[in-house]
Amino acid sequence: LKGMAVLSWGSLHPMIVHLPIGFIFLGMVIEILSFRNFHSSYRTVSQLLLLLLHLALFLSIVFGSLLLMGGDYGDSLIDQHIKGAIISMLSSTVLMVLHHYAINTSSIKTIRYYRLVFAITLTSIIFTGHFGGMLTHGEDYLDGITGTGKKVQASNIDLITVGNTAGDLSPQQQ
């Protein structure tokens, strides 16, 4: 019973994974605002965001591991999702170290490395989230956005047609 209770905590993974996404995008806004002046007043917030990002990635991995133990995810997508999570965690660790050195040394080279690793971390989180979305919603969940989606049907009634021709229905059909 205790094992099942611990595994049920894995169900929080879909909620927790949105925290690193928010932190990295907020960090991106701060990086854009302080691009010309690396030592701007935003830098204090940036340090806090990187710490929160790192903590949120760690919690996402812990809760994702619990979710994985409690379910059947025998798919190559899960492998890509796990690898992306590990890369995101490792790159966020490097990001925190580079940020610390960039603040303390003011080295242009370190600042450039920091920004490169920031872009790598951002990209890794985006791809990891994409693979997670494919696991949750199916591999074709973006087809509706790209225009390759299929029409949704229920009881052989085309919902798109019903929505567009509601005024043409007889009183018995309404």
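See the structure above.
A brief look at the structure comes next. (Residues numbered from 1 in each chain as written. Predicted model: local features only at pLDDT ≥ 70, side-chain atom pairs only at ≥ 80, totals over all residues. Heavy atoms only, no water.)

1. Side note on the overall build of the protein
Stage number 1. When helices and strands are tallied, the protein shows 8 helices and 2 strands.
Stage number 2. When the elements of the protein are put in sequence order from the N terminus, they spell out α-α-α-α-α-α-α-β-β-α.
Stage number 3. Relative to all contacts within the protein whose residues are 6 or more apart in sequence, the contacts with residues 24 or more apart total 74%.
Stage number 4. When the accessible surface of the protein is totalled, it reaches about 11500 Å², and 66% of it is carbon and sulfur. (Helix = DSSP H or I, 4+ residues; strand = E, 2+ residues; numbered from the N terminus. Contact = heavy atoms within 4.5 Å. Areas by Shrake-Rupley, 256 points an atom, 1.4 Å probe, with all protein chains shown as cover.)

2. Some details on the environment of Arg 112
Stage number 1. By the secondary structure assignment, Arg 112 is in helix H6 (residues 108-137).
Stage number 2. Spatially, the C-alpha atoms of Arg 112 and Leu 98 are 9.6 Å apart, while their sequence positions differ by 14 residues.

3. Details of the nonpolar core
Stage number 1. Formed by 19 residues in total, the largest nonpolar core has its most connected members in Ile 24, Leu 53, Leu 95 and Tyr 114.
Stage number 2. The leading source of residues in this core is H6, at 6 residues.
Stage number 3. Setting aside chain neighbours within four positions, we find Tyr 114 in contact with Glu 31, Phe 38, Arg 43, Ser 46, Leu 50, Leu 95, Leu 98 and His 99. (Core = buried A, V, L, I, M, F, W, Y, C linked by side-chain atoms within 4.5 Å. Buried < 20%, exposed > 50% of the residue type's maximum accessible area, 1.4 Å probe, protein only.)

4. Some remarks on the packing of helix H5 (residues 76-105) against H6
Stage number 1. Direction vectors running N to C along H5 and H6 enclose 155°, while the axes themselves pass 8 Å from each other. The orientation of H5 relative to H6 falls into the category roughly antiparallel. Crossing of H5 over H6 shows left-handed handedness.
Stage number 2. Residue composition of the contact of H5 with H6, by class: 19 nonpolar, 13 polar and no charged. (Axes fitted to C-alpha atoms, helices over the stretch in contact; angles between N-to-C directions. Parallel < 35°, antiparallel > 145°, perpendicular 65-115°, else oblique. Left-handed = near helix turned anticlockwise from the far one by under 90°. Nonpolar A, V, L, I, M, F, W, Y, C, P; charged D, E, K, R; others polar.)

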